[in-house]
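# A closer look at the structure
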Amino acid sequence: MPADPSRSRPLTSGTSAVEVRRSARRSRTVSAYREGDRTIVLIPARMSEAEERRWVSVMLDKLAAQESRRVLGDGALTERAERLSAQYFDGRARPASVRWVTNQNTRWGSCTPAEGSIRLSHRLQGMPEYVVDYVLVHELAHLLVPGHGPRFWRLLDAYPRTERARGYLEGVVAAERLPHLPSRGDHGDDHGGHGEHGPDGVDDLDGDGLGEDLGV
């Protein structure tokens, strides 16, 4: 069903362009799909701006999760880690291996700096892209700084969606009553160190278009 072009407007989300199209003939559903390098979100014309923002965020997350489920094998995960290292750490973090594992049910990821190995929990599969990227960036940072001290958090500042991703994971942690994620107030050893490193709840812990019915 075509949207009313007079009610379309472009937005931005991170580095992606988002176009919201309102339609008077759409009353109960929201849908979204990729069109080239843009994301199109179709919503009812009656929605308020606040509702629009909420549904755009919901649909972007759902699309990202769908794409993450579909495309990320170990090979793609390794390539993604290499791209993220180049983008945020000038390629200084060089993992020897990056892979999914199924034995990390209470940790999102882990790394062993001495080996250069990074492991991500299979539970991240299906989560939004920016969340998976955050965990990868977090583990890559541990190849450079093993602990959770100030130098580590300064490295993470390079990733622009850190707080949003942490908020998403904290919601999962709260829902499942897992241990808390480390904060900037949790000072780990900022030098030396061997073995496995990463954020509590994120590592080194024991422990084609979419549609939505609004239901109104």
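Residues numbered from 1 in each chain as written. Predicted model: local features only at pLDDT ≥ 70, side-chain atom pairs only at ≥ 80, totals over all residues. Heavy atoms only, no water.

## Quick word on the overall build of the protein chain
Assigned secondary structure in the protein chain consists of five helices and eight strands. Along the chain direction, N to C, the helices and strands of the protein chain fall in the order β-β-β-β-α-α-β-β-β-α-α-α-β. Relative to its full complement of 216 residues, the protein chain shows a buried share of 48%. When the accessible surface of the protein chain is split by element, carbon and sulfur atoms take 48% of a total near 10,800 Å². (Helix = DSSP H or I, 4+ residues; strand = E, 2+ residues; numbered from the N terminus. Buried < 20%, exposed > 50% of the residue type's maximum accessible area, 1.4 Å probe, protein only. Areas by Shrake-Rupley, 256 points an atom, 1.4 Å probe, with all protein chains shown as cover.)

## A few points about the nonpolar core
Ranked by size, the top nonpolar core spans 34 residues in total, and within it Leu 120 and Leu 124 carry the most contacts. Counting residues per element, this core draws most heavily on helix α3 (residues 129-144), at ten residues. Apart from residues lying up to four places away in sequence, Leu 120 is in contact with Leu 77, Arg 99, Trp 100, Val 101, Gln 104, Trp 108, Gly 109, Val 132, Val 135, Leu 136 and Glu 139. Counting residues in hydrophobic clusters, the runner-up holds twelve residues, among them Val 18, Val 41, Ile 43 and Leu 60. (Core = buried A, V, L, I, M, F, W, Y, C linked by side-chain atoms within 4.5 Å. Contact = heavy atoms within 4.5 Å.)

## Here's the deal with the sheet that holds strand β7 (residues 117-121)
Strands sit in the order β5-β7-β6 across an open sheet of three strands; the sheet is mixed. The open sheet has two edge strands, β5 (97-101) and β6 (109-112), and neither has a second partner. Across the sheet, the mean angle from the axis of one strand to that of its neighbour is 20°, orientation sign disregarded. In the packing of α3 onto the sheet, contacts are made with β5, β6 and β7, and the angle to β7 comes to roughly 150°. (Pairing = 2+ DSSP bridges. Axes fitted to C-alpha atoms, helices over the stretch in contact; angles between N-to-C directions.)

## With respect to the pattern of salt bridges
As enumerated under the stated definition, the model contains seven salt bridges in all. Among the ionic pairs, Glu 19 bridges to Arg 21, the shortest N-O distance being 3.0 Å. This pair shows no difference in class: Glu 19 is buried, exactly as Arg 21 is. Salt-bridge contacts for Arg 166 lead to Glu 170; the nearest nitrogen and oxygen are separated by 3.5 Å. Taken as a pair, Arg 166 and Glu 170 lie in helix α5 (residues 162-176) at a separation of four residues, close to a single helical turn. Look at Glu 170 and you get partly exposed, because its relative accessible area is 37%. (Salt bridge = Lys/Arg side-chain N within 4 Å of Asp/Glu carboxyl O.)

## Thoughts on the environment of Trp 100
Position of Trp 100 among the secondary structure elements: in strand β5. In sequence terms Trp 100 and Ile 118 are 18 residues apart; their C-alpha atoms lie 8.7 Å from each other.

## Concerning the confidence of the model for the protein chain
Chain-level statistics for the protein chain give a pLDDT mean of 76 and a share of 70% at 70 or above. Within the model, the stretch residues 188-208 combines pLDDT values under 50 with 83 contacts to residues more than four positions away or in other chains. (pLDDT = per-residue confidence, 0-100.)

## Quick word on α3
End to end, α3 covers 23 Å across 16 residues, agreeing with the expected 22 Å (1.5 Å per residue, within 8%). Among the 16 residues in α3, 14 count as buried, and that is most of the element. (Expected span 1.5 Å × (residues − 1).)

## A closer look at the environment of Val 18
Along the chain, Val 18 turns up in strand β2 (residues 16-23). Taking the relative accessible area as the measure of exposure, Val 18 reaches 2% and is therefore buried.

## Quick look at unusual backbone geometry
The phi dihedral of Asp 90 falls on the positive side, at around 55°, and the residue is not glycine. Residue position: Asp 90 is located in the loop between α2 (74-89) and β5. Overall, Asp 90 belongs to the exposed group, its relative accessible area being 68%.

## A few points about the packing of aromatic side chains
Using the criterion set out here, one finds two aromatic pairs in the structure. Measuring from centroid to centroid gives 5.4 Å for Tyr 88 and Tyr 159, while their planes differ by 90°, and the two rings are edge-to-face. Of this pair, Tyr 88 sits in helix α2 while Tyr 159 sits in the loop between α4 (150-156) and α5; the two residues are 71 residues apart in sequence, bridging distant segments of the chain. With centroids separated by 5.3 Å and ring planes inclined at 80°, the aromatic side chains of Phe 152 and Trp 153 adopt a geometry described as edge-to-face. Using a relative accessible area of 4% as the deciding quantity, one classes Trp 153 as buried. (Phe/Tyr/Trp six-rings, centres within 6.5 Å; stacked < 30°, edge-to-face > 60°.)

## Brief notes about the packing of α2 against α3
One way to put it is that α2 packs onto α3 with a least axis distance of 9 Å and a crossing angle of 70°. On the basis of the axis angle, α2 is roughly perpendicular to α3. Like other packed secondary-structure pairs, α2 and α3 cross with a definite hand, here right-handed. Two secondary-structure elements touch here, α2 through Leu 77, Arg 80, Ala 81, Leu 84, Ser 85, Tyr 88 and Phe 89 and α3 through Glu 129, Val 132, Asp 133, Leu 136, Val 137, Leu 140, Ala 141 and Leu 144. (Parallel < 35°, antiparallel > 145°, perpendicular 65-115°, else oblique. Left-handed = near helix turned anticlockwise from the far one by under 90°.)

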